[in-house]
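Each chain, written out:
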Amino acid sequence: MRLRSLAGLLAFLLILAGVAIASWRSSLHSVAEYAALDEEAKAIAYTQDIVQAGTQPAAWDTRLFLPAGSLRDAARLLVGSEFSSQVANSDGALPAGAFVARLDSLKVETEASRLRPHLEITVGFRPAGGSTWWSGASVRFAVDAEFLPTVGANDTPAVLKIVPARIAPVTGLHFFDVAAGKLASEVLSHAVIERFAQQLAIPLPPLKIEFKLPVHLAVDQDLVFPFQGGYQLHAKFDGPDIKGSFEAPYPLMTASGVWLLGGAKVTFKTPDPLPVDRAAARSAIDLKRNQLAATLGAFDVAGNDVEVRLPVRPLLDAAKAVSGRQFAIPISTTRANGVIAEGNVLKDDFLGDAGVKVTPQHAEFVSGTLSANFAQPSWSPDKGLTVSVEVQAAVRAAIHYHLSTGKIGGGVGGDTTIEGSTGGTLSSQIAVSRQETQKGTAIILQPELSCVRIAADIYSQAALVNVGWVKVGRIGVRVKRNVGGGRQSPVSLVDSLPRVYGLGAPQPNATGKPEGLRLPMPAVEIRWSPTSVVMENDGLRIQARLSMSGSDTQPGGPPDSDRSALADALREQSKEAPCAPEQELALLVDNAEIGPHNEIVKFLDDSVKAGIRVGQQTVDQINKLREKPIDTIKEAPGNIARETEKAGKWLGDRTGIHIHSPW
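Counting restarts for each chain, with residues numbered from 1 along the sequence as it is written. Selection of residues for local features in this predicted model requires a pLDDT of at least 70, selection of side-chain atom pairs for listing and counting requires 80 or more, and totals for whole chains, interfaces and linings are taken over all residues. Side-chain metrics in this entry use all non-hydrogen atoms of the structure; hydrogen atoms and water are not considered.

### Some points on the nonpolar core
1) Next: Counting residues in hydrophobic clusters, the biggest one holds 122 residues, and the most contacted among them are Leu119, Ile121, Phe141, Leu310, Ile340 and Leu493.
2) Next: Top element by residues in this core is strand S20 (residues 384-405). It accounts for 10 residues.
3) Next: When neighbours within four sequence positions are excluded, Phe141 is seen to be in contact with Leu119, Glu120, Ile121, Val123, Ile167, Ala168, Pro169, Val170, Ala184, Val187, Leu188 and Ile193.
4) Next: Formed by 20 residues, the second largest nonpolar core is a distinct cluster that contains Ile50, Tyr250, Leu261 and Ala264. We call a set of buried Ala, Val, Leu, Ile, Met, Phe, Trp, Tyr and Cys residues a nonpolar core when their side-chain atoms join them within 4.5 Å. With a 1.4 Å probe rolled over the protein chains alone, any residue whose accessible area is under 20% of its type maximum counts as buried; one over 50% counts as exposed, and the rest are partly exposed. Put simply, DSSP marks the helices as runs of H or I at least four residues long and the strands as runs of E at least two long, and each gets a number from the N terminus on. Any two residues whose heavy atoms approach within 4.5 Å at even a single point are treated as in contact.

What follows is the structure in structure tokens.
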């Protein structure tokens, strides 16, 4: 009888325990199905505000699309992360120690109109000293979460935070495993999963590209005179840089990937408050998400390539720093020596050669100013950016001249300053292309300066010589040369050099208790591999591949040495626009040009044959002198004077050198 009563009591107690445990498990599951409804509502409101600013990708002139595969690559880098959260025995309800959580799995799955992270996290408790009856237990939790995009600030990239929406234990919790149940209850009540997940942020490769096109000129060029010697030409100009940036700061999640958008103004509004009742709040969120899904279809993209769209507007806006302005560039010379120009204006066996030689007075014989006036730039998909520059040059040269007067008088000379000006239009085109080098691949802006031939007549301001039988008017030099061309340094927009960004996003702990996050790798290395670039009517479209890998280096951009090596390789590989100076210098006597081959002499010889026979008439008079000395002496002065005056008039009309009879 006593045994029967004892058995009945034991059965009753077992039934009572079963009911209690079942009730506790029901309560536990109710707690485990926690939903961060407020954070999910923030994510939906954030996306709605962005879509309202631009309902399709074309509304955002600066944009970057990252396919879902890129996010999955980044998510895999977080697997194996551990999080510890210490607790103190303040009220005796929980022993001193730390919860230790480990991320076992992180998958990014495509759902209707969005990508969602799904996590598996195992949690245990590590007491500070000794042990507690449940400290040996561990529980694995399945976490359905939401991505909460956050806009980057300064040099911090935009990130996707992970916000748990539903948490449920999946292993380690058995019907009679009271220790596991106790651990799960404590994990949920201390929000360990939520705090861990929010630190598992995924950085997004930022689309912030800064460009700088230097408007600089530095010329130190060795040039030669066509006759003898040469000089160094110097010109230096440090103008304002054409600089600006492309930026897309706003992340937008879709079912196919994530966009980074820029170029439209976004106004973020405070989300509407959710109903207090959890079920009603869930329904309100689901309704908003369905409405949002209908607007996100325009942002879906097929394929696995990264696509970047850059507008031309920042380039044109930046060019306003120089357009419509005039800049003065000083010109000078050093180390000048030799003969600038030389020419004979008359060759005669009897009178001798009459000619002019021009030499520099000193080594710094040239000074002047080059004025550059930049026009408003334009853009076309076949040429890229075009900038025209009106150039005006004003030059002064300190020269020494020597006029040889043949066998009469020996010659005269002196110092003078010759002045002149010229102008022309240079065109600079900045095209966009993809370049591969041994130091990396890049999408570049490649300036190219046109080659223009200019001519300048540099004259003295007054007649120089009126001595004896020769009078010389203004003297000068005609300079012809090419300007422009050369090899211009390209500017990189997108390159394959690695950038390193920190993984995770440590959050402040409101409880003030120490927390720690240990990642398999503290950072992620991101490399672009540009595959193509197309110039469009109002911008550029770039396609690339993206690779992500773990890194233990400090976050930051490429080392300066790598940047310099790539810049040098790109410059070395850039084409040089041919524009050899091909300088020509010719002597000017008033309006006649006497070139290096004395072209005017041939013209004079032809004219002599036509009737101006200065030399021949003189020889004839000398022959007469031997045959009829007395008659010849009477006639000679008149004959020679007559023929000489004819030659002098013809020569003076054409060259400015006036030859008068010495008789």
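### Quick look at the state of the cysteines
Two cysteines form a disulfide when their sulfur atoms are joined by a covalent bond.
1) Next: Here, a disulfide means two cysteine sulfur atoms that sit within 2.5 Å of each other. One pass over the structure, following the stated rule, counts one disulfide.
2) Next: Covalent S-S linkage joins Cys451 and Cys579, the inter-sulfur distance amounting to 2.1 Å. Judged by the torsion about the S-S bond (75 degrees), the Cys451/Cys579 disulfide is right-handed. You can see Cys451 sitting in strand S23 (residues 451-459) and its partner Cys579 sitting in the loop between helix H8 (560-573) and strand S32 (584-589), a full 128 residues away along the chain.
3) Next: The exposure class assigned to Cys451 is partly exposed, which follows from its relative accessible area of 38%.
4) Next: Accessibility expressed as a relative area gives 16% for Cys579, which makes it buried.

### Looking at the environment of Glu419
1) Next: Among the secondary structure elements, Glu419 is positioned in strand S21 (residues 412-437).
2) Next: In the structure, Glu419 is positioned 22 residues away from Ala397 in sequence and 6.5 Å away in space, judged by C-alpha atoms.
3) Next: Residues in contact with Glu419, not counting those within four places in the same chain, are Val395, Arg396, Asp457, Ile458, Tyr459 and Gln461.
4) Next: Separated by 2.2 Å, the side chains of Glu419 and Arg396 make a polar contact. The term polar contact refers here to a pair of N or O atoms within 3.5 Å; inside protein, the definition further demands a hydrogen-donor-capable atom paired with an acceptor-capable atom, and it admits residues adjacent in sequence only when both atoms are side-chain atoms.

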